[in-house]
Amino acid sequence: MKLTPKNDGTVRVRGAREHNLRNVDVDIPRDALVVFTGVSGSGKSSLAFGTLYAEAQRRYLESVSPYARRLFHQLSVPAVDSIDGLPPAVALQQQRGAPTTRSSVGSVTTLSNLLRMLYSRAGDYPPHQPLLYAESFSPNTAEGACTKCHGLGRVYEVTEQTMVPDPSLTIRERAIAAWPTAWGGQNQRDILVSLGYNVDIPWRDLPRKNRDWILFTEEQPQVPVYAGFTPAETRQALKRKMEPSYMGTFTGVKHHVLTTFANTQSALMKKRVAQFMLSTVCDVCHGKRLRPESLSVKFAGHDIAEIAALPLKRLSAVLAPFAVTGGHAHAANPEKTEVTKRITADLTARLAVLLNLGLGYLSLERSTPTLSPGELQRLRLATQLHSNLFGVVYVLDEPSAGLHPADTEALLDALDELKQSGNSIFVVEHELDVIRRADWIVDVGPGAGVNGGEVLYSGPPAGLASITESQTRRYLFPMATPSHAQRRTPKAWLKLSGITRNNLEALDAEFPLGIFTSVTGVSGSGKSTLVSQVLVELVAKRLGQKLKTEDEEADGLEQEAIVTTGGKIVSGMEHIRRLVVVDQKPIGRTPRSNMATYTGLFDHVRKLFATTKLARSRKYDAGRFSFNVAKGRCETCTGEGFVCVELLFLPSVYSPCPTCHGARFNAKTLEVLYCEKSIADVLALTVDAAADFFAEDPHVARALQVLQEVGLGYLRLGQPATELSGGEAQRVKLATELQRAERGNTLYILDEPTTGLHPSDVERLQRQLQNLVTAGNTVLVVEHDMQMIAASDWVIDIGPGAGDEGGRIVAAGPPNVIAKAKNSKTAPFLAATLL
Ligand code: ADP
Ligand code: ADP
Ligand code: ZN
Ligand code: ZN
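Quick caveat: nothing in here was measured; it's all calculated off a predicted structure. (Residues numbered from 1 in each chain as written. Chains lettered and ligands numbered in written order. Predicted model: local features only at pLDDT ≥ 70, side-chain atom pairs only at ≥ 80, totals over all residues. Heavy atoms only, no water.)

Peer 1: What am I meant to see in the coordination of the zinc ion (ligand 3) here?
Peer 2: Ideal geometry at a metal gives 109.5 degrees between four tetrahedral donors and either 90 or 180 degrees between six octahedral ones. Taken together, Cys146 (SG), Cys149 (SG), Cys282 (SG) and Cys285 (SG) make up the full set of protein donors to the zinc ion (ligand 3), lying 2.3 Å away. Sequence positions of the donors to the zinc ion (ligand 3) reduce to the motif C-x2-C-x132-C-x2-C. Of the two residues, cysteine 146 sits in the loop between α4 (111-122) and β6 (154-157) while cysteine 282 sits in the loop between β9 (278-281) and α11 (292-295), which places them 136 residues apart along the sequence. One exposure class covers both cysteine 146 and cysteine 282, and it is buried. (Donors = N, O, S within 2.8 Å, 3.2 Å for Na, K, Ca; no water. Helix = DSSP H or I, 4+ residues; strand = E, 2+ residues; numbered from the N terminus. Buried < 20%, exposed > 50% of the residue type's maximum accessible area, 1.4 Å probe, protein only.)

Put into structure tokens, the structure is as follows:
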């Protein structure tokens, strides 16, 4: 790697080979808005993030820490010959996988710190109360946290009813549901036998005193345990002082639940014990999480918890007058007036940026796990806008995701501002409005995966018009107007009434069945609340369908309790047999799950391997070919192919397993070949290659064909779930669903399925969804993409604005009707697309 710092305003990349990049050379201007385009999987991110950002970060870390230099030497040097003229980089990347930190809008933007300072120094204190430090206004500090709920806002109770839901069972029959299911529960039962409790009569027939002791005692007696003995045998053994199997320690059930909840590292365990706890709002702080003395301090008549719960737009309106006057109440105290003025002016200036980015409907207390990735990215962007850095390159991943075209304009202005202050902006984007505003385009392609990885064009947008291989070209410079397909008419209606949640209040809504519907509206208007939350939950409940995977359930606990929910289905359920939600949540958090396992395709492949001659002679069954089973996998990495390297102060990094070098299986397993390929070789195939390889096997071939149809032919079968983008994960889910033989009457719900998709991929996705409708199903999407909306049979526009300015159905009807609707923010954009 040679480093020749040059400063002629150009970043020069030579020989980039990261992932699928084919020895790419490209020159990119600095101090400009550069947009990387190309179909999904073409290599845009590999160039922008995998090469440019990775290298900038590596250089930065090398310059600050020899320790980091050592680590990064082994770990993540991007495959590139040289990069010249690269400024330091800040990445505003959308999270792949789930956010782990518990933070709020206020903490991410650091606005909460300012607000605490405001309350500490310029709040109205009750008479005789001394001034509090800023920390006293944070529920995360000992000074501030409510002493009853420790700043959680909720208290957790464990009762006999929660721990023993069915008192007609005996202890042996697992009356105590809160005990661990496996050995731990048996152990506790055996201890109770040694202690002389009757474990063979119904729980409710035990004396109250015994029940209370078992559930609530804090004592932890140690007693001899005779494993496998009957109660009578145990009594005998105790009398004769026989040598016990071991000494066991009893733990009260409540104690077990509470300590597990407080101490376990496993989200699943936490989730398990949480079901035995009742949570109620703390009666001391009423959910405000702070001590009474902190809450007694007011600003503009509000305590700090109330202020933090206001939508940012209202917060800004409350604070703005103080920024001018400093507040009349302090006329006698010029110092306080000055402090008030300064802090509120700073707060309102920063809030203005957030409002401009269309985030005025959020509140400071809103926790980040409940935000969409796009919202989170815009929050971070707003924070950067205020940091006054210059000479930096910002690398962004689809910043328009989740944005209504009406909001995209403001985003572009924000990016422009960053550029004007002397920064470079590199953006990976599919939205045509963003691409048109670029100073420079780097178009990667022509196809995805091995069919992409080349820079087709690097220059100002107009020049792309002459690049015939570019898939981006025909959308940026449309040759033909979109055709108006025959619109379908609804077969029936699903009617909901009295919906109350988030910003929806007693809303009635009707969804047409048997056709393709888009739900539109500016971000924060209530689309997801209506469709992905209320509709999904109500329909799932009526169908008795379970919605979440175990992995997602483990997460549920971290999510906030929904405060108000109301609404019911009035009619139409008789037309729905099944509900399928295809979202962008990751399909797994570890490299252990991958596309082949998720779609079920791998089961068939393993069976094929088990039928080979060598496998049969060695008595290898299909399980042998799973990297989740001890028999066949590499033991060093327990089948992950990677080992996890923990880094101080940095996210941990996966590095290839030193034993199997990523093959994931042990040597014996790899000796078994099917058509001359080992199981590891098969996992390394792309879907396209595998489709040829397995052409003879109908099960596998069908699954592969569907993956190709949703545009994932470029992915490797064994591609770990952690490497898939949200959009790719969503398409894997869609393919899994498409693979099931369809009988119709299924309701498909998709939240912004076009995220991460190039217009040509959007077209392909549209065809798939239209096919589902033709087969007698209903498709309902939440969308911002006009191409998709224009092609729907029906549109439901929510709004008109965001937060409490939205939440109503502004218009509903076929696209041409919506295009003319007054008061709809979607109408003008739709009208322009339908021309
Ligand atoms: P785009 O950003 O254009 O959608 P990417 O740069 O993410 O495309 O991907 C380009 C190719 O590199 C794809 O074939 C993708 O599957 C592959 N790829 C992406 N991330 C990784 C990774 N971490 N390891 C190996 N291959 C990857
Ligand atoms: P859209 O999908 O149209 O972008 P949402 O349904 O996500 O809009 O949001 C509608 C309103 O509900 C917004 O004011 C938003 O801040 C609020 N909201 C959404 N989810 C939550 C949540 N989990 N907790 C609190 N408020 C929420
Ligand atoms: Zn409390
Ligand atoms: Zn290994």
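Peer 1: Could you clarify how one ought to interpret the pattern of salt bridges in this entry?
Peer 2: Where charged atoms from two side chains of opposite charge approach closely, those side chains can pair. One pass over the structure, following the stated rule, counts 32 salt bridges. Here arginine 350 makes a salt bridge to aspartate 346, at a shortest N to O gap of 3.6 Å. Pair noted here: arginine 350 and aspartate 346 are both in helix α14 (residues 334-356), with a separation of 4 residues, about one helical turn. Looking at aspartate 346, the relative accessible area reads 27%, which means it is partly exposed. Three or more residues are tied together by salt bridges with common partners; here these are Glu160, Arg208, Arg211 and Asp212. (Salt bridge = Lys/Arg side-chain N within 4 Å of Asp/Glu carboxyl O.)

Peer 1: Help me understand the packing of aromatic side chains, please; the structure alone is not making it clear to me.
Peer 2: The geometry of an aromatic ring pair is captured by the separation of the ring centres together with the interplanar angle, meaning the angle of the planes. Enumeration over the complete set of coordinates arrives at 18 aromatic pairs. Centroid distance phenylalanine 36 to phenylalanine 426: 5.8 Å. Interplanar angle 65°. Geometry classified as edge-to-face. Of this pair, phenylalanine 36 sits in strand β3 (residues 33-37) while phenylalanine 426 sits in strand β11 (residues 424-428); the two residues are 390 residues apart in sequence, bridging distant segments of the chain. The residues phenylalanine 36 and phenylalanine 426 share a single accessibility class, namely buried. Considering the side-chain rings of tyrosine 156 and phenylalanine 261, the 5.5 Å spacing of their centres and the 45° angle between planes classify their relative orientation as tilted. Taken together, the positions of tyrosine 156 in strand β6 and phenylalanine 261 in helix α9 (residues 253-263) put the pair 105 residues apart, joining distant regions of the chain. Ring pairing ties together the aromatic residues Phe609, Tyr620, Phe625, Tyr674, Phe693 and Phe694, which thus form one cluster. The cationic tip of lysine 270 hangs over the ring face of phenylalanine 261; the distance from NZ or CZ to the ring centre is 4.9 Å. Above the plane of the ring of phenylalanine 627 lies arginine 664, whose end atom (NZ or CZ) is 3.7 Å from the centre. (Phe/Tyr/Trp six-rings, centres within 6.5 Å; stacked < 30°, edge-to-face > 60°. Lys NZ or Arg CZ within 6 Å of the ring centre and 35° of its normal.)

Peer 1: Quick question: what am I supposed to make of the site of ligand 2 here?
Peer 2: What surrounds ligand 2 is a group of 14 residues, the closest being Arg366, Gly524, Lys527, Ser528 and Thr529. The separation between an oxygen atom of ligand 2 and a polar side-chain atom of serine 528 is 2.5 Å. Here an oxygen atom of ligand 2 and a side-chain polar atom of threonine 529 are 2.4 Å apart. Here ligand 2 loses 79% of its free accessible area of 560 Å² to cover by the protein chains. Residue composition of the shell around ligand 2, grouped by class: 2 nonpolar, 10 polar and 2 charged. (Near = heavy atom within 4 Å. Polar contact = N/O pair within 3.5 Å; in protein donor to acceptor, adjacent residues only side chain to side chain. Areas by Shrake-Rupley, 256 points an atom, 1.4 Å probe, with all protein chains shown as cover. Nonpolar A, V, L, I, M, F, W, Y, C, P; charged D, E, K, R; others polar.)

Peer 1: Looking at this structure, I do not really get the environment of glycine 566. What am I missing?
Peer 2: With respect to the helices, strands and loops of the structure, glycine 566 is situated in strand β17 (residues 566-571). Considered as a pair, glycine 566 and glycine 498 are 68 residues apart in the sequence and their alpha carbons are 6.4 Å apart.

Peer 1: I keep staring at unusual backbone geometry and nothing clicks. Help me out?
Peer 2: The bulk of non-glycine residues show a negative phi, and the bulk of peptide bonds are trans. Of the consecutive residues glycine 445 and proline 446, the connecting peptide bond is found in the cis state with omega at 0°. Along the polypeptide, proline 446 turns up in the loop between β12 (440-445) and β13 (454-459). Here the amide bond leading from glycine 799 into proline 800 is cis, since omega sits at 5°, within 30 degrees of zero. With respect to the helices and strands, proline 800 occurs in the loop between β23 (794-799) and β24 (808-813). One non-glycine residue, asparagine 502, adopts positive backbone phi at about 45°. Note on placement: asparagine 502 falls in the loop between β14 (492-501) and β15 (504-513). Of note, glutamate 676 is a non-glycine position whose phi angle comes to about 70°, a positive value. As for its position among the elements, glutamate 676 is in the loop between α24 (667-670) and α25 (679-683). For glutamate 676, a relative accessible area of 73% translates into the label exposed.

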